[in-house]
Amino acid sequence: MRKTLIAGNWKMNLDWDEAMTLFANLVKLEAENHINVEVAVFPPSTYLRHFYELKKGRNSGLGIGAQDCSAHESGAYTGETAASMIASVGAQYILVGHSERREYHNESNHSLSDKVIQALKYGLSPVFCCGEKLEDRENENQTFVIDNQLDSTIFNLSEEDFSKVIIAYEPVWAIGTGKTASPEQAQEMHSFIRGLVQSRYGHDVAEKCRILYGGSMKPSNAKELLSQPDVDGGLIGGASLSIKEFAQIIDSSV
Ligand code: PEP
């Protein structure tokens, strides 16, 4: 049985006060409600240590993660943050290969593979994002694109390492656009991805692999998306910035 993960990608949003308020509200929500799914947030990494202290003080089970890490171990890479540093401030997860990073920072499959290796080395669970662009979808190339994105990155991992990876299927045309994949489109792609995992690592690994959907998930569509058999949770951008909307999405997954 795969445990649902509802993850909020805050991107480059919220100043310190706003972020503290939102995180404190999430901790409160968790304390006052019976939440039997995993919930995690990915704030800007400057907030991670404070969130860690806050959740430790309140005995909270909320997960925290960074939105990216360096492909390098350490050294002269100005502006970058190493996976070891992210782990050392108490994070458990790391987003790797978000489409905004692929597009605006030209992240290659090679550097994404190195990032995953760094994350795993320091005990972080990578949430590895994949997804096709609009023109790929229009040309019916989506399965080819996803196959290629996985085959040249996380499918090079050993079975033991791969088992620590969470996949997020995020069609690029649905991210931040208000357009969502229909539940049928999401299920079709998730089932395709699980099939790829099965061909590479076998049935047991595929059955345990968590595949999240991301792309304009909101309270109005979350229930249907999350009830698809191969959708094991959500990676939520815009709607994770509102405690009300994020709480409704968490509720939809129960
Ligand atoms: C994302 O950034 O991963 C995402 C899915 O964003 P949104 O929910 O805003 O489309």
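Given the structure is predicted, the values throughout are model-derived calculations rather than measurements.

(A) The arrangement of the overall build of the chain in detail. Check the secondary structure of the chain and you find 12 helices and 8 strands. Computed over the C-alpha atoms, the radius of gyration of the chain is 17 Å, within 12% of the 18 Å expected from 2.2 N^0.38 for a compact globule of 254 residues. The principal-axis extents of the C-alpha atoms in the chain amount to approximately 45 × 45 × 35 Å. Looking at the chain residue by residue over its 254 residues, the buried ones come to 52%. For the chain, long-range pairs separated by at least 24 residues make up 73% of all intrachain contacts whose partners lie at least 6 apart in sequence.

(B) Local environment of unusual backbone geometry. Even without glycine at this site, Glu 140 takes up a positive phi of about 55°. Even without being glycine, Ser 216 reaches a positive phi, approximately 55°. With respect to the element layout, Ser 216 can be found in the loop between strand 7 (211-214) and helix 11 (219-226).

(C) How the structure looks around the packing of helix 7 (residues 142-151) against helix 9 (residues 183-201). Remark: helix 7 packs on helix 9, axes separated minimally by 11 Å, with the N-to-C direction vectors making an angle of 40°. Compared by their axis directions, helix 7 and helix 9 come out oblique. Helix 9 is crossed by helix 7, and the crossing has right-handed handedness. When helix 7 is examined against helix 9, the residues Gln 142, Thr 143, Ile 146, Asp 147 and Leu 150 are found in contact with a partner set consisting of Met 189, Phe 192, Ile 193 and Leu 196.

(D) Region of interest: the site of the ligand. Looking at the ligand, there are 14 residues lining it, with Lys 11, Glu 170, Gly 176, Ser 216 and Gly 237 nearest. One of the side-chain N or O atoms of Asn 9 is found 3.3 Å from an oxygen atom in the ligand. Measuring from an oxygen atom of the ligand, one finds a backbone N or O atom of Ser 216 at 2.7 Å. Per-class residue counts for the shell around the ligand are 4 nonpolar, 8 polar and 2 charged.

(E) Representation of the environment of Pro 219. Along the chain, Pro 219 falls in helix 11. Judged by its relative accessible area of 27%, Pro 219 is partly exposed. Each C-alpha atom of the pair Pro 219 and Asn 25 lies 18 Å from the other, and the pair is 194 residues apart in sequence.

(F) Main features of the nonpolar core. Within the largest apolar cluster, 66 residues are counted, with the highest numbers of intra-cluster contacts made by Ile 154, Phe 162 and Val 197. With 7 residues, helix 1 (residues 16-32) is the largest single contributor of residues to this core. Leave out the neighbours within four places in its chain, and Val 197 touches Phe 155, Phe 162, Ile 167, Gly 202, Val 205, Ala 206 and Cys 209. If you look at the next biggest cluster of nonpolar residues, it comprises 12 residues, including Leu 5, Tyr 93, Leu 95 and Ala 168.

(G) Seen up close, helix 7. Among all positions of helix 7, only Gln 142, Val 145, Ile 146, Gln 149 and Leu 150 are buried. The buried residues of helix 7 occupy one face: seen down the axis, they fall within an arc of 120°. On the buried face of helix 7, the contacting elements are helix 4 (99-104), helix 5 (109-121), strand 5 (125-130), helix 6 (134-138), strand 6 (166-169) and helix 9.

(H) Structural context of the sheet that holds strand 8 (residues 233-236). Spatially, the 8 strands close up into a barrel ordered 1-2-3-4-5-6-7-8, and their pairing is parallel. Taken pair by pair, the neighbouring strands of this sheet meet at an average axis angle of 25°, ignoring direction. Pairing geometry for strand 7 and strand 8, over 2 bridges, is parallel. Looking across to strand 8, one finds that Tyr 213 is bridged to Gly 234.

Scoring rules and cut-offs
- Residues numbered from 1 in each chain as written.
- Predicted model: local features only at pLDDT ≥ 70, side-chain atom pairs only at ≥ 80, totals over all residues.
- Heavy atoms only, no water.
- Helix = DSSP H or I, 4+ residues; strand = E, 2+ residues; numbered from the N terminus.
- Rg over C-alpha atoms; globule rule 2.2 N^0.38 Å.
- Buried < 20%, exposed > 50% of the residue type's maximum accessible area, 1.4 Å probe, protein only.
- Contact = heavy atoms within 4.5 Å.
- Axes fitted to C-alpha atoms, helices over the stretch in contact; angles between N-to-C directions.
- Parallel < 35°, antiparallel > 145°, perpendicular 65-115°, else oblique.
- Left-handed = near helix turned anticlockwise from the far one by under 90°.
- Near = heavy atom within 4 Å.
- Polar contact = N/O pair within 3.5 Å; in protein donor to acceptor, adjacent residues only side chain to side chain.
- Nonpolar A, V, L, I, M, F, W, Y, C, P; charged D, E, K, R; others polar.
- Core = buried A, V, L, I, M, F, W, Y, C linked by side-chain atoms within 4.5 Å.
- Arc of directions from axis to C-beta.
- Pairing = 2+ DSSP bridges.

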